[in-house]
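Understanding the architecture of this molecule
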Amino acid sequence: MKIGKSEKLKELYNQYEIDVAEFKTSAVCVKGCANCCIDVGNIDITTLEGIIIHKRMATFAEPLKSKIKAGLAQNKMEREKGVLSRCAFLKKDKTCIIYDIRPFSCRWLYSVKDCNGTSPTVHRQALNLAKNTVKKIQQLDSAGYSGHISYILSLLDNEEIRRLYMRGKLKPQKIAHFGKSHGLSINRTAPS
Ligand code: SF4
């Protein structure tokens, strides 16, 4: 991974917030709502975002670290069965333990109506801006992969894969089996 990608990622996050500011003023989301974090079916991340989260996890003390790892394994298992489950990073008080580095999937979601167990209502323009930002993040992580947060973090928990990824040498063949069975996309095939 080239130096500076994390900074560029932050710039993309910040630019998105500037671009959608006028839409988000009508959002009804409040701290501690967390509906989006409990129904985590669509929380997809890139390996670039995953490596940042993985590094943060390494700083967590026990028993928190093991609890989050167990939660991610549970998410992965439930995802494989098609079940949606509570995010492993959601605290008891329904705040996010990695809020400052949460992935883009968690950043663009908001709703102008109380979700009340249903899908959020997002402005079409904001949705298009989000899709554009996703493409830019995938292009930034062009030697990486995208997929469900539990799959990407499981992939990056493998030291050899992590090392290859950091050196930009993670070949699709290396994770072909895992990728196929878990629906991971290769970012380098993302449209420009
Ligand atoms: S990473 Fe944080 S914001 Fe994203 S789904 Fe999990 S708890 Fe929610």
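The text that follows walks through the structure, step by step, so that each part is easy to find. What you see is a predicted model; the values in this text were computed from it and never measured.

About the thresholds
- Throughout, a residue's number is its position along its own chain's written sequence, starting from 1.
- Local features in this predicted model are restricted to residues whose pLDDT is 70 or higher, and side-chain atom pairs enter the listing and the counts only when it is 80 or higher, whereas totals over whole chains, interfaces and linings include all residues.
- Side-chain descriptors were evaluated using all non-hydrogen atoms of the structure, hydrogens and water having been removed beforehand.
- Comment: elements are numbered from the N terminus, with helices defined as DSSP H or I runs of at least four residues and strands as E runs of at least two.
- Throughout, exposure labels follow a simple rule: accessible area from a 1.4 Å probe, protein chains only, divided by the maximum for the residue type, with under 20% read as buried, over 50% as exposed, and the rest as partly exposed.
- Contacts are assigned to residue pairs that have any heavy atoms within 4.5 Å of one another.
- Computed with a 1.4 Å probe, the accessible areas rest on the Shrake-Rupley method; for each residue, only the protein chains presented here act as cover.
- Here the expected span of a helix is defined as 1.5 Å times the quantity of residues minus one.
- In this scheme, the bend at a residue equals the angle between the axes fitted to the seven residues that finish there and the seven that begin there.
- A single heavy atom is enough: if one lies within 4 Å of a molecule or strand, its residue is considered near that molecule or strand.
- Residues are sorted three ways: Asp, Glu, Lys and Arg are charged, Ala, Val, Leu, Ile, Met, Phe, Trp, Tyr, Cys and Pro are nonpolar, and all the rest, Gly among them, are polar.
- Nonpolar core, defined: a set of buried Ala, Val, Leu, Ile, Met, Phe, Trp, Tyr and Cys residues in which side-chain atoms within 4.5 Å join the residues together.
- Think of each axis as a best-fit line through the C-alpha atoms, taken over the contacting stretch in the case of a helix, with angles from 0 to 180 degrees between the N-to-C directions.
- Relative orientations are named as follows: roughly parallel for angles under 35 degrees, roughly antiparallel for angles over 145 degrees, roughly perpendicular for angles from 65 to 115 degrees, and oblique for any other angle.
- In this scheme the handedness of a crossing depends on how the near helix is turned from the far one: anticlockwise by less than a right angle means left-handed, clockwise means right-handed.
- Think of a polar contact as two N or O atoms within 3.5 Å of one another; within protein, one of them needs to be a possible hydrogen donor and the other a possible acceptor, and neighboring residues in sequence only count if both atoms come from side chains.
- Whenever a carboxyl oxygen of Asp or Glu lies within 4 Å of a side-chain nitrogen of Lys or Arg, that contact is scored as a salt bridge.

Counting its secondary structure elements, the chain contains nine helices and three strands. With respect to the principal axes defined by its C-alpha atoms, the chain has extents near 45 × 40 × 30 Å. Expressed as a percentage of its 192 residues, the buried residues of the chain come to 39%. Here the contacts in the chain between residues at least 6 apart in sequence split such that 77% fall between residues at least 24 apart. Accessible surface computed for the chain: about 11000 Å², of which carbon and sulfur atoms make up 53%.

Let us look at helix α1 (residues 5–24). Counted at 1.5 Å a residue, the expected span for α1 with its 20 residues is 28 Å, and the 27 Å between its end C-alpha atoms agrees. In the structure, α1 departs most strongly from a straight axis at Ile18, where the bend amounts to approximately 35°. Within α1, the full set of buried residues consists of Lys5, Leu9, Leu12, Tyr13, Tyr16, Val20 and Phe23. Among the structural elements, α3 (47–58), α5 (104–108) and α6 (124–140) are those in contact with the buried residues of α1.

Quick look at the site of the ligand now. Neighbouring residues of the ligand: Cys37, Cys87, Phe89, Leu90, Cys96, Ile98 and Cys106. Class assignment of the residues belonging to the shell around the ligand gives a composition of seven nonpolar, no polar and no charged.

If you look at the biggest cluster of nonpolar residues, it comprises 42 residues, and the most contacted ones within it are Ile53, Met57 and Phe89. Elements that contribute at least two residues to this core include exactly α1, α3, α4 (64–80), α5, α6, α7 (149–156) and α8 (159–166). Discounting chain neighbours no more than four positions away, the residues touching Phe89 are Ile53, Met57, Ile68, Leu72, Thr95, Cys96, Ile97, Ile98, Ile149 and Leu153.

Moving on: the packing of α4 against α7. To characterise two packed helices, one gives the angle between the axes of the helices and the distance between these axes. Look at α4 against α7: their axes get within 8 Å of each other, and the N-to-C directions meet at 125°. Taken together, α4 and α7 sit at an angle that is classed as oblique. In this structure, α4 crosses over α7, and the sense of that crossing is left-handed. Contact residues: Leu72, Asn75, Lys76, Arg79 and Glu80 in α4; Ser150, Tyr151, Leu153 and Ser154 in α7. Per-class residue counts for the contact of α4 with α7 are three nonpolar, three polar and three charged.

Now for the side chain of His54. Structurally, the position occupied by His54 is in helix α3. A distance of 3.2 Å separates a polar atom in the side chain of His54 from a polar atom in the side chain of Asp157. Residue contacts for His54: discarding those within four places in its chain leaves Leu153, Leu156, Asp157 and Arg162.

Counting across every chain of the model gives five salt bridges. Arg56 is the partner of Asp100 in a salt bridge, and the nearest nitrogen-oxygen pair spans 2.8 Å. Of this pair, Asp100 sits in the loop between α4 and α5 while Arg56 sits in helix α3, placing them 44 residues apart in sequence. You can call Arg56 partly exposed: its relative accessible area is 24%. A salt bridge links Glu160 to Lys174; its shortest N-O distance comes to 3.1 Å. Of this pair, Glu160 sits in helix α8 while Lys174 sits in the loop between α8 and α9 (176–182), and the two are 14 residues apart along the sequence. Glu160 gets classed as partly exposed once you look at its relative accessible area, which sits at 37%. Classification of Lys174 by relative accessible area gives partly exposed; the value is 42%.

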